[in-house]
Amino acid sequence: MYWAFFGPLSRIPGPFAEKFISGSELFFGTKPGQRFKKVITYHQKYGHVVRIGPKAISVSDKDIIKQVLVTEDFEKGPSYTRFQNGTSASMLDTTDKIFHKQRAISPAFSIKYIKSLEPLFETVTDDFIKRINREIAANKQDTDFATVDIWWLLRCLAFDIIGETSLGGTFNMLSNNDHIMLVSVGKLLRGIDFVINHPWIAKLILLRKVKKNPDLVNFVTNLIKERVKNKQRRDDIIQILINTQQAPKEEDRLSSDDIVVETTLFLVAGAETTSNTIGFSMIELCRNKSALNRLRQEIDAIELEDGKQVFHQCQLRNLPYLNAVINETMRLNTIPSNGLERLVTRDIVIKGDIYVPSGTTVRCYTGIAQTHPDYWSDPMEFKPERWLPNADPKPDMGAYNPFSAGSRNCVGKEFAMNEMRLAISTIIKHYDIEPISEEMEVARETRYFITLTLASSSFKIRMKHRNS
Ligand code: HEM
C-alpha cells in the first residue's frame, strides 16, 4: 500500500492495477507473448515514463535509456536470473558485474575470430541454397514460382550456423528438417517467457526459474565429453571454451557445467534473434517493392567469385543499401520487444526531476524509442533511405539500440550482422521473391517469447530461381 500510493514512484503515471501487481492485466486474459503490446499502449497513453509495477517503471525516452544503460550502466534486472536453467549463470543472464567481466568467452566474439568462421558460414549457406532449390522443385507451379515457408528455412539456417560455428557441427536442420535442439530451445524460450511474465503464478507453483531442459543439457554434455575423450580439436567456439580448462588462472577456467550453460546460451541468444530478423526483412521487402528493387540492383552489381554461390563478407560489409535494409528492419521489428530490464542500485533523478530510488527495476523500451515520432519522421514507415550516407536528416542514433547499449550490449552483433548480410544477399542474388496476400496479413500478428516472432511461426512467399 505504501509503495502504491505514497512511495517515491507514486508520482509516475501508469495503470491503476499495476501500482499493486506488475503484469496485473495478465490476470484478465492477455495472451502469452503479448505483454509488450500492453506496455506499448501504456506508453501511448501516459508518455515516455510509465509505472508498470509497485517498484517498476518502463521508459522510452532516449536520454533516460542512455542514462540507465550507458551512463549509470546498471546491472541487469532480476528477470534475467530466471533464465538461469543450469547450475551456474551464463554471460547473458548473470546480474553480477564482476562475474560477467571475468567470463573467458569474449575471444569467441572478437571480430578476428568471427572472420575466421567465414568458411563455416559459407558451407551452411550453400546448404540453404540447396534446400530452397529442393523446395522449389517439389512445389513448383506453372509459372516456375513455388510457395516456400521462408520463416522456417531461415530458422533451420540459423540453427545450423550456430551448430556449425559453435557446437561442433551442423544440426542438419536444412537437410533433415528436425533436431531435438530446435524443439528444446523453443520449449525453453516459452518457459522463460512464462516465468518472467507470470512471476506470481510461478511463485505459487514454486517455479522460480525455468527448469533445466534435459535434452539440451545431455546434448551439450556429450559433445564436450567426446571432444575431451577423443582429444579432437575443431576451430569453433566450443573449442575456445574447452581450451579455458587449461588456463593458468583458476578463475579463467570454465567447468563442463559452465560450458553447457554458455553454449545453450548461444542457441537461446543467437539463433532465433537472427533468423527472425532476416525473416522480418523478407516481410518488409515484400511490402515495399521499390526497396526490393533497389536492393536487387545493389546486389546484382557485385560478382560472385568463380565457382562460388555466396559472397565473401568483405564484399557485403559496406554495401550501403543492404546495411540500410537491415538497420530499418531492426528499427521497426525490435527483437527485445519486452524492453531491457535493469536494476537501479543507487538513487537517481531522470529527466531532471523524476526521482527513482535504488531498488526500482527499469525497463528500457528501446522498440518504442525506435518508432517514436519525437525521434523519427514517418516513424512506422519502412524507409531504408534514412540510413544512407547522404540522408537528411541523419538517423537519431541515440534512439536506436537494437543490440542494446552499455557494458551488457550484444556480444554477438558482428556474428549476427555477418549472417544477416549473407542470407539476405544470397536470397536476393539467386531468387525472385513475391508476396502472398493472405500471408502478408498473417505476418502482422507478432508475439514475444524472449525474441520477437510471428504468431504463426511461419511466413510463406513465392520464390523462383532467377535463372529459370
Ligand atoms: C539480430 C540478431 C540479434 C539481436 C537483435 C540481438 C540482441 C541482443 C540484445 C538487445 C542484447 C542485450 C540484452 C540486454 O541488454 O539486456 C543481447 C545480448 C547478447 N547477445 Fe545478442 N542479439 C542478436 C544476435 C546474437 C547472436 C548471433 C549471438 C551469439 C552467437 C548473441 C549473443 C548474445 C549474448 C551472449 C548476449 C549477452 C551479452 C551480455 O550480457 O554481456 N546475440 N543481444
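In this text the structure is predicted, and so the values were computed from the model without any measurement.

J.: I would appreciate a short explanation of the overall build of the chain in the present structure.
T.: For the chain, the helix and strand inventory stands at 20 helices and twelve strands. Counting across all 468 residues of the chain, residues that qualify as buried make up 59%. A fraction of 72% describes how many contacts in the chain between residues 6 or more apart in sequence connect residues 24 or more apart.

J.: Can you help me understand the packing of helix 14 (residues 272–287) against helix 19 (residues 413–430) in this one?
T.: In a pair of packed helices, the angle between the axes and the distance between the axes together describe the arrangement. Contact pair helix 14 / helix 19: the axes reach a minimum separation of 10 Å and the direction vectors enclose 40°. By the angle class used here, helix 14 and helix 19 are oblique. When the axes of helix 14 and helix 19 are compared, the crossing they make is right-handed. Every residue of helix 19 that contacts helix 14 at Thr274, Thr277, Ile278, Ser281, Met282 and Leu285 is listed here: Ala416, Glu419, Met420, Ala423, Ile424, Ile427 and Ile428. Here the residues of the contact of helix 14 with helix 19 sort into nine nonpolar, three polar and one charged.

J.: Is there a simple way to think about unusual backbone geometry in this case?
T.: Note: most residues except glycine have negative phi, and most peptide bonds are trans. Here Asp392 and Pro393 are connected by a cis peptide whose omega angle stands at 5°. One non-glycine residue, Ile450, adopts positive backbone phi at about 65°. Within the element layout of this structure, Ile450 appears in the loop between strand 10 (446–448) and strand 11 (452–454). The buried category is assigned to Ile450, whose relative accessible area is 13%.

J.: Before we go on, may I ask you to explain the environment of Ala17 in this structure?
T.: Residue position: Ala17 is located in the loop between helix 1 (2–6) and helix 2 (35–46). It is 8.9 Å that separates the C-alpha atoms of Ala17 and Ile52, two residues lying 35 residues apart in sequence.

J.: Would you explain the pattern of salt bridges in this entry?
T.: Any two side chains of opposite charge can pair if their charged atoms end up close together. Counted under the stated rule, the structure contains 24 salt bridges. The partner of Lys37 in a salt bridge is Glu445, and the shortest N-O contact between them spans 3.3 Å. Here the residue Lys37 occupies a position in helix 2, and Glu445 occupies one in the loop between helix 20 (437–442) and strand 10, the gap between them amounting to 408 residues. Assessed through its relative accessible area of 38%, Glu445 is described here as partly exposed. When the shortest N-O distance is used, the salt bridge between Lys308 and Glu122 registers 2.9 Å. Of this pair, Lys308 sits in the loop between helix 15 (289–300) and helix 16 (313–316) while Glu122 sits in helix 6 (residues 118–139), placing them 186 residues apart in sequence. A residue is classified by how much of its surface remains accessible, and Lys308, at 27% relative accessible area, is partly exposed. Several salt bridges converge on common partners, so that one network encompasses Lys37, Glu445 and Arg447.

J.: Just checking my understanding: could you explain the environment of Ala56 for this structure?
T.: Looking at the secondary structure, you find Ala56 in strand 2 (residues 56–59). For Ala56, a relative accessible area of 10% puts it in the buried group. As for Ala56 and Thr360, which are separated by 304 residues in sequence, their C-alpha atoms are 5.4 Å apart. Among residues more than four places away in sequence, those in contact with Ala56 are Leu9, Val50, Arg51, Thr360 and Thr361.

J.: How should the UniProt feature "binding site: heme" (unreviewed entry) in the chain be read in this particular structure?
T.: On the UniProt side, "binding site: heme" (unreviewed entry) is annotated at positions that read Cys410 here. Counting through the fold element by element, Cys410 comes out in the loop between helix 18 (366–369) and helix 19. By relative accessible area, which is 33% here, Cys410 ends up partly exposed.

J.: Teacher, can you tell me more about the side chain of Asp61 here?
T.: Assignment of secondary structure puts Asp61 in the loop between strand 2 and helix 3 (62–71). Other than its neighbours up to four places away in sequence, Asp61 contacts His48, Lys351 and Tyr375.

Each value, and the rule that gives it
Each chain has its residues counted from 1, running along the sequence as written. Owing to the predicted nature of the model, reporting of local features is limited to residues with pLDDT of at least 70; listing and counting of side-chain atom pairs is limited to 80 or more, with chain, interface and lining totals taken over all residues. Computation of side-chain values: all heavy atoms of the structure, hydrogens and water removed. Strands are runs of DSSP state E lasting at least 2 residues, helices are runs of H or I lasting at least 4, and numbering of each runs from the N terminus. Exposure categories follow from relative accessible area, calculated using a 1.4 Å probe and restricted to protein chains: below 20% of the type maximum is buried, above 50% is exposed, and the middle band is partly exposed. Residues count as neighbours in contact if any of their non-hydrogen atoms are within 4.5 Å of one another. Helix axes are fitted to C-alpha atoms over the stretch in contact, other axes to C-alpha atoms as well, and angles between N-to-C directions run from 0 to 180 degrees. Should an angle fall under 35 degrees it is called roughly parallel, over 145 degrees roughly antiparallel, and 65 to 115 degrees roughly perpendicular, with every other angle called oblique. Crossing handedness follows the turn of the near helix against the far one: under a right angle anticlockwise gives a left-handed crossing, and clockwise gives a right-handed one. Side-chain classes are defined by residue name, with Ala, Val, Leu, Ile, Met, Phe, Trp, Tyr, Cys and Pro counting as nonpolar, Asp, Glu, Lys and Arg as charged, and the others, Gly among them, as polar. Only one rule defines a salt bridge in this text: a Lys or Arg side-chain nitrogen within 4 Å of an Asp or Glu carboxyl oxygen. UniProt positions are given in the numbering used here, feature names are shortened, and annotations may be inferred rather than shown by experiment.

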